[in-house]
Structure formats: C-alpha cells, structure tokens
Amino acid sequence: MSENVVSTGAVNAVKEVWEKRIKKLNEDLKREKEFQQKLVRIWEERVCLTKLREKVTKEDGRVILKIEKEEWKTLPSSLLKLNQLQEWQLHRIGLLKIPEFIGRFQNLIVLDLSRNTISEIPRGIGLLTRLQELILSYNRIKTVPMELSYCASLEKLELAVNRDISDLPQELSNLLKLTHLDLSMNLFTTIPPAVLNMPALEWLDMGSNRLKQLPDTIERMQNLHTLWLQRNEITCLPETISSMKNLSTLVLSNNKLQDIPVRMEEMTNLRFVNFRDNPLKLEVTLPPSENTDEEEERELFGLQFMHTYIQESRRAGNQVNCSATSPNSIDADG
C-alpha cells in the first residue's frame, strides 16, 4: 500500500516538473513570437516612413505630403516623425480612416483627403487650430463632429459627394473665418441653421441635395456672393432672398420653381442667375439677338430672362407668395 502511494507521488512530481517546463517553454515561445512580431512592425514602420519621406515635397515654402493612386488603407504611427508637415494631399489611396493622432500635427494648414473611403471624422480634428482648408469630398462620411468648430482658422470646408450627410452641428456657426462651404450631393433637406449663422460665408454649394424650400432667414447670409442650389426640389423662393445685397451668382436650375419673386429685381449686384429647367408658370420668350455671342451671354446669365419674367408676372398679376404656400417656413434656430 505504501509502495503505491510512493509511486503515485513520484509520478505526480515528475508530471508537475514537466508541466512547469512545458508552460515555461510555451511562455518563452510566446515572448519570442511577440518579439519577432515587434521587430517586423518596427521594420515595416521604418519602410513605411522611408516611403512617406519620399513623398514629401516643398512648394511655395510649404512642406507637403503628396500621395495619389497608391494603396494606403491606414497611415502608420511612424508618420508622427513628420510632424513638421503643413499640408496633406492624399487622393485615391483607399484610405479607410483619418488617424486618431491627427491632432498632433499642429502645423497643418491644408488637409486634403478627397476621393478615399473615409467614413468618420475623428474628434481630434478640433486640435488643428491652424487648419485653413479641410477637403473631404468623395468619401463615405455620414456625420460631422462638433469638435470641428474648434478649428478656428478654417476658411474652406468641402464635404461634397459623401451622399449621406444630412445635418451639421449648430456649433459650426463658430467658424468665424469660414468663407467657402461645399455640401453638394448629400442628403440635406434644408439649409442647416449653422450655415445660416456663419458670419463670414461667401460661397455656398448645396446643389444635388433634397432641399424643398429656403428659410425666410436666408437673408442672414449677408456676405454670401455665390449660391449654388441646382438639382434640388425647391418649389418657391422667399421674398427675403432679395435682401441678400452681395449675392452675385445664383444657380437654381433643375428645381420645381413655379415663380420668381418680384422683389428679386432689386438685387442690383446679381450678375449670374440660372432658372433653367423649372416648371415656371409663365412662358417667357426673349427677343432674338443679332449678336451670337450676346445671345449665348444672355442664356448664360439669365438676367434678362429674370427681369422679363417679373415684368410679365406683374402684368398678369400672377405672383405666388412663398410664405403663404409654405406656412411652416424654416427658422434659423431650428
């Protein structure tokens, strides 16, 4: 009996020793594997960094990272060693996301990541207080973070052809230097209040959205000189549009407009207007011009058409009041 106990105890002791050895061996192999993987990552990052350095150029005294039509789905952390960069131009590289460490590039003035597959703007974007241009057109972005409002130097923002953006955070009205905004080819059903309250905005493109009407408070955009609203579903224009004294270009082609407000003839700075392809109630034919170039210019600008239409409308007493047909007009505060 005692011999069996001793034999069992010896076997267990040997088993325990072997289990410890196997466990230690497995741990050593795991550490070795992790070390090898770390070496591979370091080597890959060094290779990537070398490739990135080859893409850095200097133009007009600005340090630029320029990559186009190459495969870079993600950007390596080794890029942080190039934190002196002032501009990124990364087009058609299949980039899936803006790196979380983007906020550490404090010298960035231009961030152009158009024509990629980016689906999200990281909140760290708000740390780029020197950024003047953010171009994210032709991506897959759905929402815009309020942290973008912290980019106090931003002058140009392009979010065209993301197709799914339908609103902007109210905080973006704090972009006091923003003059250029492109929101075309998205899902906006109205001009966001944030846009109406951007004090310096001069150029706005909201073409190819789902706008059905314009807010009465559109006149708040007093610095706006160019407004693109083509390919929407706008049925009526508010009278207040005539108070936009600096507006010189207004494109309203391919909408559902039935009339042109009489007060628009007061817009003396208007130089280019286009009402093509709208179901306007009155048919207006301009007298033929002997000068072919002049005929093309009249067609291009459409000013004579607009003034002739308003005159005909007055005679016919055919004006439609937009606010009367759209009692639920959109307020700038939401």
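Residues numbered from 1 in each chain as written. Predicted model: local features only at pLDDT ≥ 70, side-chain atom pairs only at ≥ 80, totals over all residues. Heavy atoms only, no water.

Quick word on the pairing of strand β3 (residues 87–91)
Under the convention used in this document: Relative accessibility thresholds used throughout: buried, under 20% of the residue-type maximum; exposed, over 50%; partly exposed, between the two (1.4 Å probe, protein chains only). A run of DSSP states H or I qualifies as a helix once it reaches four residues; a run of E qualifies as a strand once it reaches two. Both are numbered from the N-terminal end. Should DSSP find at least two bridges between two strands, the strands are taken to pair.
Counting buried positions over the 5 residues of β3 gives 5, a clear majority of the element. Here β3 shows two buried faces, one formed by Glu 87, Gln 89 and His 91 and the other by Trp 88 and Leu 90. Note: strand β2 (residues 62–68) against β3, 5 bridges, orientation parallel. Bridging from a neighbouring strand, Glu 68 pairs with His 91 of β3. Here 3 bridges tie β3 to strand β4 (residues 110–112), and the two strands are oriented parallel to one another. Bridge assignment links Trp 88 to a residue of β4, and that residue is Leu 111.

Section: the sheet that holds strand β5 (residues 133–135)
Rule in force here: The convention used is that axes are lines fitted to C-alpha atoms, helices contributing only their stretch in contact, and that angles between N-to-C directions extend from 0 to 180 degrees.
An order of β1-β2-β3-β4-β5-β6-β7-β8-β9-β10-β11 is seen for the 11 strands of this open sheet, with the pairing classed as mixed. Of all the strands in the sheet, the pair left with one neighbour each is β1 (56–59) and β11 (272–274). Taken pair by pair, the neighbouring strands of this sheet meet at an average axis angle of 10°, ignoring direction. Where β4 lies against β5, 3 bridges are found, and the strand directions are parallel. Residue Leu 111 lies in a different strand from β5, and its bridge partner there is Leu 134.

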